[in-house]
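Commentary on secondary and tertiary structure
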Amino acid sequence: MLNRDQHEQIQSLIEQQRKRWSIGDESAIDTQRLPESWQALLQVDADAPDGMAQQRLAALALTSQYQLLMYRQKAPALTAHPPIPSLDLPPLSGTRRAAFRRLAAQLARGEAFFPATLRLMARRGVSAHPADWMPDPGANENRLPPVYRPWLQWIHQQHSAANAVIALGEDNWDDYMPGERKALIADMRRTDPSRARTLLEACIGRESAERRVALLELLQVQLVEDDINFLRGLTTDRSQKVRILCAQLLSQLNALDDESAKNTGTDDQEHDRLSEGFQVKKSGLLQRRIVVEPQKIKRGKQTQLRLEQLASVTFQQFAAALGISTQILATGWRFNSNARPENHGFVLCAIRSAGSAEIASLFENLLEEHDSDQLDHLLQTIAPRLDPQQKRDTFERLQSKKGMDISEWQRFLDDVDIELGWQQLKASRAGKDFLAEVKKSAGNDGYLQHPDLQEQLNALALLVSAADAELALEHLIQIGVLRVDPALELLKFNSQLTGESSGQRSTQNIQETP
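Cut-off values and rules
- Residue indices follow the written sequence of each chain, beginning from 1 at its first position.
- In keeping with the predicted nature of the model, local features appear solely for residues at pLDDT of at least 70, side-chain atom pairs appear and are counted solely at 80 or more, and the whole-chain, interface and lining totals rest on all residues.
- With hydrogens and water excluded, all non-hydrogen atoms of the structure serve as input to the side-chain values.
- The secondary structure listing takes helices from DSSP runs of H or I that are at least 4 residues long and strands from runs of E that are at least 2 residues long, numbered from the N terminus.
- The buried label goes to any residue with under 20% of its type's maximum accessible area, the exposed label to any with over 50%, and the partly exposed label to all in between, with areas taken from a 1.4 Å probe on protein chains only.
- Accessibility throughout is a Shrake-Rupley quantity obtained with a 1.4 Å probe, and a residue counts as covered only by protein chains that appear here.
- Two rings from Phe, Tyr or Trp (for Trp, the six-membered ring) form a pair when their centres sit within 6.5 Å of each other. Planes less than 30 degrees apart are called stacked, planes more than 60 degrees apart edge-to-face, and all others tilted.
- Every axis corresponds to a line fitted to the C-alpha atoms, with the helix fit spanning only the stretch in contact, and the corresponding angles, defined between N-to-C directions, vary from 0 to 180 degrees.
- Oblique is the label for any angle not under 35 degrees, not over 145, and not in the 65 to 115 range, which are roughly parallel, roughly antiparallel and roughly perpendicular in turn.
- The hand of a helix crossing depends on one turn: near helix anticlockwise from the far one by less than a right angle means left-handed, and clockwise means right-handed.
- The contact rule is simple, with two residues in contact once any of their heavy atoms fall within 4.5 Å.
- In this classification, Asp, Glu, Lys and Arg are treated as charged, Ala, Val, Leu, Ile, Met, Phe, Trp, Tyr, Cys and Pro as nonpolar, and every other residue, Gly included, as polar.
- In this analysis, the expected span of each helix is defined as 1.5 Å times one less than the number of residues it contains.
- By construction, the arc corresponds to the directions joining the helix axis to the C-beta atoms.
- Nonpolar cores are built from buried Ala, Val, Leu, Ile, Met, Phe, Trp, Tyr and Cys residues. Side-chain atoms within 4.5 Å join them into one set.

The helix and strand tally for the chain stands at 26 helices and four strands. Expressed as a percentage of its 514 residues, the buried residues of the chain come to 45%. Accessible area of the chain: about 27000 Å², with a carbon and sulfur share of 50%.

Okay, here's the thing in structure tokens:
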């Protein structure tokens, strides 16, 4: 082993040689000026045409390796982290882990299909293996099944400067970034609604108007009567946007009083201008009913003005401006007569401020009278106010009608604990259209190349049970899709998730279409 003096001598020799190289010296190396232990490695054939070049390369390699070995950085101290917490569901095992890894690579994590795959696994009673997938630190917890919450909390702990998560409170409110505060309040609202409301009462006054609106929108989750006093207190807020939002939330609870309604800043003249854009009349020969139809306007600025008016009033104020009840407005709106922007604005007005009874009547009206080209858009808009049973019934009712493909149905039914039978899905309008396109596309080379077909196939894989996934797989192969097509990966994975406790019910048990 080298002592200090020997090391300093070798380092001095190396530095002298490196200085000569840095100024372009290409002369022969004086090996006597380098360490004695290197001499054997620096011996070259002097008569060889490239002997000196080889010697210089050897010297350069030795000096570089010496520096690397002698000046290696000290390894940082190891930090002991708590073990990854176990989840309530067992992890995947065997070949299903390899299939899941392929899916995780194929379905980009930002896509909707990957979180939906995690929810499918949770319904079947399994979770991802931590060696195959872990959530990103900035993952949207709303899109992941609750079973992964311990992992998210563990990850947040590892990325915290203090190696511990400090609960958001009034004292440390300003220590968090606005986006972090919003995410924490959103999570708190789901798990402890009253605590979230209490914290907002104490701290929301510190925020700008736009941020106050964003935070108050979180109250729509588990909105209850206990929120009424807080919302009424904000109907005098200095921001009109805040006052309007609070009035809309109060309207959902049927708690909007006259004083709070006046505070929104929309006067009678504005209500009159809104009502002038629509006409209320009676329709029908045998069964007379009141309907609401739009007045003809020029598209462009007048349409935008009408949408702004719809966004600034509550459902109750809109009905009052027309001189009818909210129930008549919900059942009398003519979706077939109104253009897409007005229908969208009307449904948004309803889901923001209408009560549950009005939403149910409006939804029934939408299903009875709708333009098939607008069906998907309107169903996705009203979906946040629908319960799982309403969504299940909607598919049962509209499965034979056009207007939505398989991927659109999957988005609509995504949060519903339901698995469809293959025979029922195959007999639906969306299933028939999909299979016709698959047969046409697979006839070329056996692969589904079109992105839309791949998307619909992934949606199909998320909708059916394990047994029906196997039936769907065999049917697709029979009509020309190759078994090795990567587009079938999710369908194959579904068919492998068998023998797990799931608790879901299949609509095949409810109604089987032959």
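Following the structure, the description resumes.
Moving on, we come to the packing of aromatic side chains. Enumeration according to the criterion identifies 14 aromatic pairs in this entry. Between Trp 333 and Phe 346, the aromatic rings sit 3.9 Å apart at their centres with planes inclined by 5°, giving stacked as the arrangement. Note that Trp 333 is positioned in the loop between α16 (326-332) and α17 (340-353) and Phe 346 in helix α17, a separation of 13 residues in sequence. On the basis of an interplanar angle of 65° and a centroid distance of 6.2 Å, the ring pair of Phe 335 and Phe 346 is categorised as edge-to-face. Pair noted here: Phe 335 is in the loop between α16 and α17 and Phe 346 is in helix α17, with a separation of eleven residues, a long-range link. Its relative accessible area of 1% is what places Phe 335 among the buried residues. According to the relative accessible area criterion, Phe 346 is buried, its value standing at 0%. Three or more aromatic residues joined by ring pairs form one cluster here, namely Phe 100, Phe 114, Trp 133, Tyr 148, Trp 151 and Phe 493.

Right, let's talk about the packing of helix α25 (residues 466-478) against helix α26 (residues 489-496) for a bit. Two elements in contact, α25 and α26, have axes whose closest approach is 7 Å; the angle formed by their N-to-C orientations is 140°. The pairing of α25 with α26 is recorded here as oblique in orientation. Handedness of the crossing formed by α25 with α26: left-handed. Touching Ala 466, Ala 469, Glu 470, Ala 472, Leu 473 and Leu 476 of α25 are Leu 491, Lys 492, Asn 494 and Ser 495, all from α26. Of the residues belonging to the contact of α25 with α26, the class tally is six nonpolar, two polar and two charged.

With that settled, the discussion passes to α25. Across its 13 residues, α25 extends 19 Å between first and last C-alpha, which sits within 8% of the 18 Å expected from 1.5 Å per residue. Looking at α25, one finds that the buried residues are Ala 466, Asp 468, Ala 469, Ala 472, Leu 473 and Leu 476. Viewed along the axis of α25, the buried residues span an arc of 150°, placing them on a single side of the element. In α25, the exposed positions that point more than 90 degrees away from the buried face belong to Ala 467 and Gln 478.

Phi at Gln 222 is positive, roughly 55°, even though this residue is not glycine. With respect to the helices, strands and loops of the structure, Gln 222 is situated in the loop between α9 (209-216) and α10 (228-233). Residue classification places Gln 222 among the partly exposed residues on the basis of a relative accessible area of 39%. For Asn 254, which is not glycine, the phi dihedral falls at a positive 55°.

In globular proteins that are soluble, nonpolar side chains generally tend to be buried together. In terms of nonpolar packing, the biggest core is built from 93 residues, with Met 121, Phe 318, Leu 329, Leu 476 and Leu 491 touching the most fellow members. Ranked by residues supplied to this core, first place goes to helix α24 (residues 451-463) with seven residues. With near-sequence residues (within four places) excluded, Phe 318 lies in contact with Leu 274, Phe 278, Leu 310, Val 313, Leu 329, Trp 333 and Phe 346. In terms of nonpolar packing, the next biggest core, distinct from the first, is built from 28 residues, Leu 168, Ile 204, Val 213 and Leu 245 among them.

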